[in-house]
Amino acid sequence: MAEKVDEDKVTFDQMELDDRVLKAIAKLSWTSPTIIQEKAIPLFLEGKDVLLRARTGSGKTAAFAIPVIQKVLNSKASATQQQTSALILAPSKELCRQIHSVFEALTIKCQKIVQSIDLSYYTSVTTQKLLLSKHPDVVISTPGKILAQLQSGNINLKNSLETLVIDEADLVFSFGFENDLKGIVDHLPSIYQAILASATLSDDVSSLKQIFLHNPVVLKLEEPELAPSSQLSHYHISAEENDKAAILYALFKLHLIRGKSIIFVNTVDRCYKLKLFLEQFSIKSCVLNSELPSKIRCHAVNQFNQGIYDIIIASDEHVLDQPEKSNKFTRKAKGDAESGVARGIDFQCVSNVINFDFPLDINSYIHRAGRTARGNNTGSVLSFVDLKERDLMNQVEEHLQSGYLTDDAVMKNYQFKLEEVEPFRYRAKDAWRAITRIAIRDARLKEIKVQIFNCEKLKSYFENNPRDLQVLRHDKTLGTIKKQAHLSDVPDYIIPDTLKRMAGISTMKKSKRPYQSDSKSKSIYAAKRNNPLLCAELDYGKKKKH
């Protein structure tokens with residue numbers, strides 16, 4: 001039976017793709033299309049409007065990038081002039097950068113013919129205007145950026161646009177782009193092919209469908225929003241606010257968490273507080289939030305994907321902008337409105353997602369969990385849940401059970417006894433308390449200043465001196481609080497035997513040395529010398545010898 005399935009499986013070679021595209025796919029080591037690519041690419045190449053629903057990590061970007069490139073190559077065969085024929089819209093700059101990197105990889109054999117730009121990457125309006133004046137074949141942008149250029153007359157799509165793609169369409173409304181999209185429609189031709197890609201088919205997506213799609217094919221794969229339970233594990237730890245930091249510290253120091261990890265918090269302040277906390281124990285991490293310049297955010301994601309560092313602390317602020325939320329976290333972050341950390345970004349080979357702050361709604365949990373177990377990789381989600389967050393966790397649990405079609409608990413209880421690590425809690429409490437609001441404020445300002453300097457001043461230098469790129473590491477110590485050197489070590493005596501076994505640490509007692517070294521003898525003598533009760537005895541012994 002297995003052989004029959006393999007014989008019936010469609011390959012990229014059978015999709016009537018250009019040899020240059022096939023060579024690029026082979027260079028990427030994509031042996032066969034994913035399910036969504038197998039179903040979607042033929043429909044796109046036929047010119048049909050498609051509403052595509054597929055979970056994160058399913059190969060959705062390549063599913064629309066490959067046919068867009070193929071259509072450009074086909075039209076170039078008879079084109080008389082250079083023109084923009086494809087527009088790709090995404091809700092965040094990080095996602096735009098990611099999509100552009102896929103286009104660059106797929107056009108490596110035809111990059112002089114198929115030209116693509118990421119408009120959102122450039123902050124200067126003059127630079128954007130210059131790039132658009134060259135009429136690139138594919139423009140990738142956030143809705144706000146391209147609308148501004150359309151209204152300024154720096155690009156005209158009325159007579160050239162053939163394909164429009166809106167990626168992560170379900171997030172467009174949460175990023176506040178609905179009015180921009182409606183404005184873009186006025187600058188489009190009457191006939192074009194439209195593709196809406198979304199992780200969910202919400203009411204917001206339905207309203208976009210009515211605006212952009214004409215008699216679309218709805219391609220909805222019967223699969224859960226997340227990877228199957230055999231690939232993605234869900235855990236939770238019951239922990240009050242004062243204990244979360246202690247547990248995280250113990251998990252990392254005992255190496256109970258291994259591999260690349262993304263730690264999610266709900267605000268920018270929490271982002272820096274947690275980084276400063278981990279710094280005190282010599283646990284390196286980098287931060288990712290909407291306050292940082294877009295180039296730095298993209299650079300941090302790229303370095304993380306390359307394995308330069310293993311821990312990212314990300315603030316998931318956009319879920320806080322929803323008006324129905326009414327708690328202390330609801331104030332809108334004063335950051336980049338086009339930044340999105342939890343949603344859509346292709347973090348590669350992530351082993352663990354840690355919800356230090358539990359997400360404020362179900363969709364946010366799904367998007368966070370979708371950063372791991374991508375493709376064929378495995379991963380786990382560990383959520384810290386306090387008493388106030390218990391109701392939210394129950395809602396997420398019910399949603400996961402319906403998605404996985406099971407009555408059994410999906411979010412398993414992580415076996416961790418906090419009482420066994422009381423010394424860890426004692427250390428963590430002091431370290432957490434040492435991080436003041438002033439220290440957090442100074443850390444935020446310092447990070448922004450340093451990263452802007454690195455971004456603008458050193459760009460050309462590092463292009464010529466790649467070995468010195470370590471200067472641009474994002475996991476450096478912020479240094480706004482006093483660091484105690486002894487905290488980086490974990491004494492053997494504070495680790496309970498049960499956790500030693502979990503962490504693979506030997507529980508055998510060390511044998512005593514049969515003799516004392518000279519340095520130890522001297523230290524004992526010095527201790528006695530400093531004890532006023534023993535000083536007389538030592539002096540008497542010296543006189544007696546003489």
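### Some remarks on the overall build of the chain
- Counting secondary structure elements, the chain contains 21 helices and 14 strands.
- Looking at the chain residue by residue over its 546 residues, the buried ones come to 51%.
- Relative to all contacts within the chain whose residues are 6 or more apart in sequence, the contacts with residues 24 or more apart total 78%.

### Notes on the confidence of the model for the chain
- Per-residue pLDDT for the chain has a mean of 81; in total, 77% of the residues score no lower than 70.
- When pLDDT is averaged over each element of the chain, strand β2 (residues 86–89) comes out on top at 98 and helix α1 (residues 2–8) at the bottom at 43.
- Predicted confidence is poor over residues 1–7, with pLDDT under 50, and the contacts of this stretch with residues over four places away or in other chains come to zero contacts.
- Within the model, pLDDT remains below 50 along residues 319–333, and this stretch shows 18 contacts once partners closer than five positions in the same chain are excluded.

### A word on the pattern of salt bridges
- On inspection of all chains with the given rule, the structure shows 15 salt bridges.
- A salt bridge links Glu291 to Arg444, with the shortest nitrogen-to-oxygen separation between them at 2.2 Å. Within this pair, whereas Glu291 is found in the loop between β10 (286–288) and α13 (294–305), its partner Arg444 is found in helix α17 (residues 437–457), the two being separated by 153 residues in sequence.

### Considerations on the nonpolar core
- Grouped together as the largest cluster of nonpolar side chains are 47 residues, with contacts concentrated most on Leu248, Leu251, Ile263, Leu274, Phe277, Phe384 and Phe416.
- Contributing elements (two or more residues each) for this core: α11 (241–253), β9 (261–265), α12 (268–279), β11 (311–315), β13 (379–385), α16 (422–433) and α17.
- Among the elements that make up this core, the one with the highest residue count is α11 (eight residues).
- Leave out the neighbours within four places in its chain, and Leu248 touches Ile263, Leu274, Leu278, Ile354, Phe356 and Phe384.

### Comments concerning the packing of helix α4 (residues 60–76) against helix α5 (residues 93–106)
- At a minimum axis separation of 10 Å, α4 and α5 run at an interaxial angle of 50 degrees. Considering the angle they form, α4 stands oblique to α5. Seen along the crossing, α4 lies across α5 with a hand that is right-handed. Packed against α4, whose contacting residues are Thr61, Phe64, Ala65, Ile66, Val68 and Ile69, the element α5 presents Gln98, Ile99, Val102, Phe103 and Leu106 at the interface.
- Within the contact of α4 with α5, the residues separate by chemical class into nine nonpolar, two polar and no charged.

### Things to note about the state of the cysteines
- Within the structure shown, the criterion is met by zero disulfides.
- We note that Cys286 lacks a disulfide partner, and the nearest cysteine sulfur, in Cys271, lies 8.9 Å from it.

### A closer look at the pairing of β13
- Burial runs high along β13: seven of the seven residues are buried.
- Going residue by residue along β13, you find Gly379, Val381, Ser383 and Val385 tucked away on one face and Ser380, Leu382 and Phe384 tucked away on the opposite face as well.
- Taken together, the seven bridges between strand β8 (residues 232–238) and β13 define a ladder with parallel strand orientation. Following the sheet pairing, Leu232 is matched in β13 by Gly379.

### A look at the side chain of Asn305
- Looking at the secondary structure, you find Asn305 in helix α13.
- What Asn305 contacts, discounting residues up to four positions off in sequence, is Lys260, Asp346, Phe347 and Gln348.

### Focus on the layout of surface pockets
- Each pocket or cavity is described by its volume, and for the largest pocket that value is around 1,400 Å³.
- Taken together, 46 residues form the lining of the largest pocket, with Trp30, Gly57, Gly59, Asp346 and Gln348 sitting closest to its centre.
- Of the residues belonging to the lining of the largest pocket, the class tally is 14 nonpolar, 21 polar and eleven charged.

### Quick notes on the sheet that holds β9
- Pairing is parallel across the open sheet formed by seven strands, whose spatial order is β10-β11-β9-β12-β13-β8-β14. Across the chains shown, the open sheet's two edge strands, defined by having one partner strand only, are β10 and β14 (411–413). Mean inter-strand twist for the sheet, computed between neighbouring axes without regard to direction, equals 25 degrees.
- When β9 meets strand β12 (residues 352–355), the two strands line up parallel, connected through four bridges. Within the sheet, the bridge partner assigned to Ile263 lies in β12 and is Ile354.

Conventions we followed
- Residues numbered from 1 in each chain as written.
- Predicted model: local features only at pLDDT ≥ 70, side-chain atom pairs only at ≥ 80, totals over all residues.
- Heavy atoms only, no water.
- Helix = DSSP H or I, 4+ residues; strand = E, 2+ residues; numbered from the N terminus.
- Buried < 20%, exposed > 50% of the residue type's maximum accessible area, 1.4 Å probe, protein only.
- Contact = heavy atoms within 4.5 Å.
- pLDDT = per-residue confidence, 0-100.
- Salt bridge = Lys/Arg side-chain N within 4 Å of Asp/Glu carboxyl O.
- Core = buried A, V, L, I, M, F, W, Y, C linked by side-chain atoms within 4.5 Å.
- Axes fitted to C-alpha atoms, helices over the stretch in contact; angles between N-to-C directions.
- Parallel < 35°, antiparallel > 145°, perpendicular 65-115°, else oblique.
- Left-handed = near helix turned anticlockwise from the far one by under 90°.
- Nonpolar A, V, L, I, M, F, W, Y, C, P; charged D, E, K, R; others polar.
- Disulfide = S-S within 2.5 Å.
- Pairing = 2+ DSSP bridges.
- 1 Å grid on protein atoms, 1.4 Å probe; cavity = no way out; pocket = protein on both sides within 12 Å on 5 of 7 lines; lining within 4 Å.
- Points joined across faces, edges and corners; volume = space filled by probe spheres on them.

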